[in-house]
Amino acid sequence: MSDTDKVFAGSIPKIYDEYLVPMIFSVYAEDIARRVAARSPSVLLEIAAGTGAVTRAVAAALPSGIRYVATDLNEPMLGVAAQRQADDDRISWQQADAMALPFGDAGFDVVCCQFGAMFFPDRVKAYGEVKRVLKGDGTFVFNVWDRIEDNVLTHEATIALAKVFPDDPPRFMVRTPHGYYDKAVIRTDLERAGFRDITIETRSEISRAPSPEYVALALCQGTPLRSEIEARDAGKLQAATDIVAETIRTRHGSGPVEGKIQAIVIEARL
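Residues numbered from 1 in each chain as written. Predicted model: local features only at pLDDT ≥ 70, side-chain atom pairs only at ≥ 80, totals over all residues. Heavy atoms only, no water.

Student: Any chance you could explain the overall build of the chain here in plain terms?
Tutor: The number of helices and strands found in the chain is 10 helices and 7 strands. The C-alpha atoms of the chain give a radius of gyration of 18 Å, which matches the 18 Å a tight globule of 270 residues would have. Considering only C-alpha atoms, the chain reaches an extent of 50 × 40 × 30 Å along its principal axes. For the chain, the proportion of its 270 residues judged to be buried stands at 56%. Working note: accessible area of the chain is about 11,000 Å², and carbon and sulfur atoms make up 48% of it. Each charge sign in the chain was given a centre, from 31 positive and 38 negative side chains, and these centres are 3 Å apart. (Helix = DSSP H or I, 4+ residues; strand = E, 2+ residues; numbered from the N terminus. Rg over C-alpha atoms; globule rule 2.2 N^0.38 Å. Buried < 20%, exposed > 50% of the residue type's maximum accessible area, 1.4 Å probe, protein only. Areas by Shrake-Rupley, 256 points an atom, 1.4 Å probe, with all protein chains shown as cover. Lys, Arg positive; Asp, Glu negative; His and termini not counted. Charge placed at Lys NZ, Arg CZ, Asp CG, Glu CD.)

Written out as structure tokens, the structure is:
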């Protein structure tokens, strides 16, 4: 993983929240929320909360009186999330590294994480921290993206960008968001961290966007893919975005766009 893969700063958080969250994250956030609510937690922790897609969905599914701690390594992302839910006094926001959680042992009924595990430099260590802060009967609920070929629009965008930079194609999407999908590896990592009761399932959904331009802006400028493009040629960001839009338009038409998305959802207990 490149150092820039974890950088969600500048204009990225705002574009991420306004464009990418509705396009690919919201439907999986609702799934996470259903799973968390089924556990009836009184105190829960979210790691890698991003701009709060899961936080909003989970908070809406839970009653008053619960305590919800939402964390992320990137303060700019967390700032967007906190601003959007400023009136919910059940939630506290805290910058935190998933590999060194600043919480005591056995304090949470549930720990949840949406599309964050792919970014952990040491996943076994991060899962060990989750195990440490969970109560004995607690549950870790999280998801990761499946391989990029099963996520149509992102795959098409990656292919398009390789034509813009043929000598050094941007590989962020393949390398990180879609780089941790092997179920056997995920299970082994969790077992090494001390989890024993593990269920893993594949979940396919449909991504929807109002236009090809929307898709291109979301992917090229609302993720660290932007940093990869700018590192190659800062003057080509808009041109790269336009080429992705044209590719999506050619394949899906100029109107509303739909494409398969696929994730892996995991529930792990001690």
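Student: What is the right way to look at the nonpolar core in this model?
Tutor: Across soluble globular proteins, you tend to see nonpolar side chains buried next to one another. The biggest cluster of nonpolar side chains holds 92 residues, and the ones touching the most others in it are Phe 140, Phe 142, Leu 190 and Phe 195. Broken down by element, this core gets its largest block of residues, 12 residues, from helix 1 (residues 12–37). Not counting residues within four places of it along the chain, the set of residues in contact with Leu 190 comprises Tyr 127, Phe 140, Phe 142, Phe 195, Ile 198, Ile 266 and Ala 268. (Core = buried A, V, L, I, M, F, W, Y, C linked by side-chain atoms within 4.5 Å. Contact = heavy atoms within 4.5 Å.)

Student: Explanation requested: the packing of helix 1 against helix 3 (residues 75–84) in the structure shown.
Tutor: In a packed pair of helices, the relevant descriptors are the angle between the two axes and the axis-to-axis distance. Across the interface, helix 1 lies against helix 3 with an axial gap of 8 Å and an inter-helix angle of 50°. With respect to their mutual orientation, helix 1 and helix 3 come out oblique. Where helix 1 crosses over helix 3, the handedness of that crossing is right-handed. Where helix 1 approaches helix 3, its residues Pro 13, Tyr 16 and Asp 17 are matched on the opposing element by Pro 76, Met 77, Val 80 and Arg 84. In the contact of helix 1 with helix 3, the residues fall into 5 nonpolar, no polar and 2 charged. (Axes fitted to C-alpha atoms, helices over the stretch in contact; angles between N-to-C directions. Parallel < 35°, antiparallel > 145°, perpendicular 65-115°, else oblique. Left-handed = near helix turned anticlockwise from the far one by under 90°. Nonpolar A, V, L, I, M, F, W, Y, C, P; charged D, E, K, R; others polar.)

Student: Where do I start with unusual backbone geometry in this structure?
Tutor: Most peptide bonds take the trans configuration, and most residues that are not glycine carry a negative phi. Backbone geometry at Ser 40 places phi at a positive 45°, although glycine is not the residue there. Along the chain, Ser 40 turns up in the loop between helix 1 and strand 1 (43–46).

Student: It is not clear to me how the sheet that holds strand 2 (residues 67–72) should be interpreted in this structure. Could you clarify?
Tutor: Strand pairing in a sheet relies on backbone hydrogen bonds, with the paired strands running either antiparallel or parallel. Read across the sheet, 7 strands follow the order 3-2-1-4-5-7-6 without closing on themselves; strand pairing throughout is mixed. In this open sheet, the two strands that pair with only one neighbour each are strand 3 (91–95) and strand 6 (197–209). Put simply, the sheet's adjacent strands are angled 20° from each other on average, direction ignored. Both strand 5 (residues 134–145) and strand 7 (residues 257–269) contribute to a ladder of 7 bridges, which runs antiparallel. Across the sheet, the residue bridging to Asn 143 is Val 265, located in strand 7. Sheet strands in contact with helix 2 (residues 53–61) are strand 1, strand 2, strand 3 and strand 4 (108–114), and its direction is about 170° off that of strand 2. (Pairing = 2+ DSSP bridges.)

Student: Before we go on, may I ask you to explain helix 5 (residues 152–164) in this structure?
Tutor: A turn of α-helix holds 3.6 residues, and therefore any two residues three or four places apart point the same way. For helix 5, built from 13 residues, the straight-helix expectation of 18 Å at 1.5 Å per residue is met to within 8% by its first-to-last C-alpha distance of 19 Å. Residues of helix 5 that are buried in the fold lie against helix 6 (172–175), strand 6, helix 8 (212–221), helix 9 (225–233), helix 10 (237–252) and strand 7. (Expected span 1.5 Å × (residues − 1).)

Student: What should I look at first to understand the side chain of Arg 56 in this one?
Tutor: Along the chain, Arg 56 turns up in helix 2. Looking at Arg 56, the relative accessible area reads 18%, which means it is buried. Polar contacts involving the side chain of Arg 56 include one to the side chain of Asp 17, which spans 3.2 Å. Not counting residues within four places of it along the chain, the set of residues in contact with Arg 56 comprises Asp 17, Val 21, Thr 51, Arg 84 and Gln 85. (Polar contact = N/O pair within 3.5 Å; in protein donor to acceptor, adjacent residues only side chain to side chain.)

Student: Explain the pattern of salt bridges to me, please; I cannot follow it from the model alone.
Tutor: Proximity of charged atoms lets side chains of opposite charge pair with each other. Applying the stated criterion across every chain yields a total of 25 salt bridges. Glu 129 serves as the salt-bridge partner of Arg 132, at 2.9 Å between the closest nitrogen and oxygen. You can see Arg 132 and its partner Glu 129 sitting in helix 4 (residues 123–133), 3 residues apart, about one turn around the helix. A relative accessible area of 25% means that Arg 132 is categorised as partly exposed. Arg 175 is paired through a salt bridge with Glu 228; the nearest N and O atoms lie 3.1 Å apart. Highlighted residues: Arg 175 in helix 6 and Glu 228 in helix 9, separated in sequence by 53 residues. (Salt bridge = Lys/Arg side-chain N within 4 Å of Asp/Glu carboxyl O.)

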